[in-house]
Amino acid sequence: TFMIEFDLSGRSHPFIDANGGHHALSHDGSAGGRAQLQRLETWYSQRVASLLGKMSASTAADGRTLLDDTIVLVIPSMGLGNTHDHGNNASLLIGGKDTVRADGRALDFKGSSLANLHVTLLEAFGVDDSLNFGAHGARFGDDGDRGLDGVLV
């Protein structure tokens, strides 16, 4: 796993003219605040794209790429920062050739928890009993109760 930055940090990004912490910018409803947040989110997206490009360019002797053999899950922290809405969070699955159905679909899981996507990925990696992943029979993420249909090959 890799996290670019903890969104609740107060780190400022003056090098892209996004002065203020990510969390604070997500709550700034002004035109200037939204513009700074857009620059910050664009910068993050460019970092992810750079990583994916490097993974795609790294090939093994059998011709498969590092991206073919890796599942990258990109998750924004919020759907809507002002209201702390996690409901419309556009998570992306990239890579995972022969594991993830990569056909450009947008899937709507009708309010299913993000933890169910994590359960699905545990199933992809063959983790037995992925629902009971926590201590004392706790479900994954406390609300992961099933894998999601249509994600895996």
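Fair warning: this is a prediction, and the values are worked out from it, not measured in the lab.

Considering unusual backbone geometry
Despite not being glycine, D17 shows a phi value in the positive range, around 60°. In this fold, D17 is placed in the segment before α1 (22-27). For D17, a relative accessible area of 43% puts it in the partly exposed group.

Considering a nonpolar patch on the surface
Together, M3, F6 and L8 line one region of the surface with nonpolar side chains, adding up to about 350 Å² of accessible area. Position of F6 among the secondary structure elements: in the segment before α1.

Remarks on the environment of N116
With respect to the helices and strands, the residue N116 is situated in helix α3 (residues 114-124). Spatially, the C-alpha atoms of N116 and D143 are 7.7 Å apart, while their sequence positions differ by 27 residues. Sequence-distant contacts of N116, that is, excluding residues within four places in its chain, are made with D143, G144, D145, R146, G147 and L148.

A word on the packing of aromatic side chains
Under the counting rule described, the total for this entry stands at two aromatic pairs. Judged by centre distance (5.3 Å) and plane angle (70°), the ring pair of F15 and W43 falls under edge-to-face. With F15 in the segment before α1 and W43 in helix α2 (residues 31-57), this residue pair connects regions lying 28 residues apart in the sequence. The interplanar angle of 50° and the centroid separation of 5.6 Å between the aromatic rings of W43 and Y44 together place this pair among those described as tilted. Neither W43 nor Y44 differs from the other in exposure class; each is buried.

Considering the environment of L117
For L117, the location among the structural elements is in helix α3. For L117, a relative accessible area of 10% corresponds to the buried category. L117 sits 28 residues away from D145 along the chain, and the two C-alpha atoms are 10.0 Å apart.

Digging into the nonpolar core
One finds I16, A18, L25, L37, L40, W43 and Y44 forming the largest nonpolar core, which totals seven residues. When residues of this core are assigned to their parent elements, the largest contribution, four residues, is made by α2. Residues within four places of A18 in sequence aside, it is in contact with S12, H13, L25, Q36 and L40. Core analysis: the next-biggest nonpolar cluster, separate from the first, contains five residues, V48, M55, L67 and V72 among them.

Re α3
Looking at α3, one finds that the buried residues are A115, N116, L117, V119, T120, L121 and L122. Residues of α3 that are buried in the fold lie against β1 (71-74) and β2 (92-95). Backbone geometry just after α3 places G126 at a positive phi near 75°.

So, how was this worked out
Residues numbered from 1 in each chain as written. Predicted model: local features only at pLDDT ≥ 70, side-chain atom pairs only at ≥ 80, totals over all residues. Heavy atoms only, no water. Helix = DSSP H or I, 4+ residues; strand = E, 2+ residues; numbered from the N terminus. Buried < 20%, exposed > 50% of the residue type's maximum accessible area, 1.4 Å probe, protein only. Patch = residues over 30% accessible without salt bridge, like charges linked within 9 Å, V, L, I, M, F, W, Y side chains within 5 Å. Areas by Shrake-Rupley, 256 points an atom, 1.4 Å probe, with all protein chains shown as cover. Salt bridge = Lys/Arg side-chain N within 4 Å of Asp/Glu carboxyl O. Contact = heavy atoms within 4.5 Å. Phe/Tyr/Trp six-rings, centres within 6.5 Å; stacked < 30°, edge-to-face > 60°. Core = buried A, V, L, I, M, F, W, Y, C linked by side-chain atoms within 4.5 Å.

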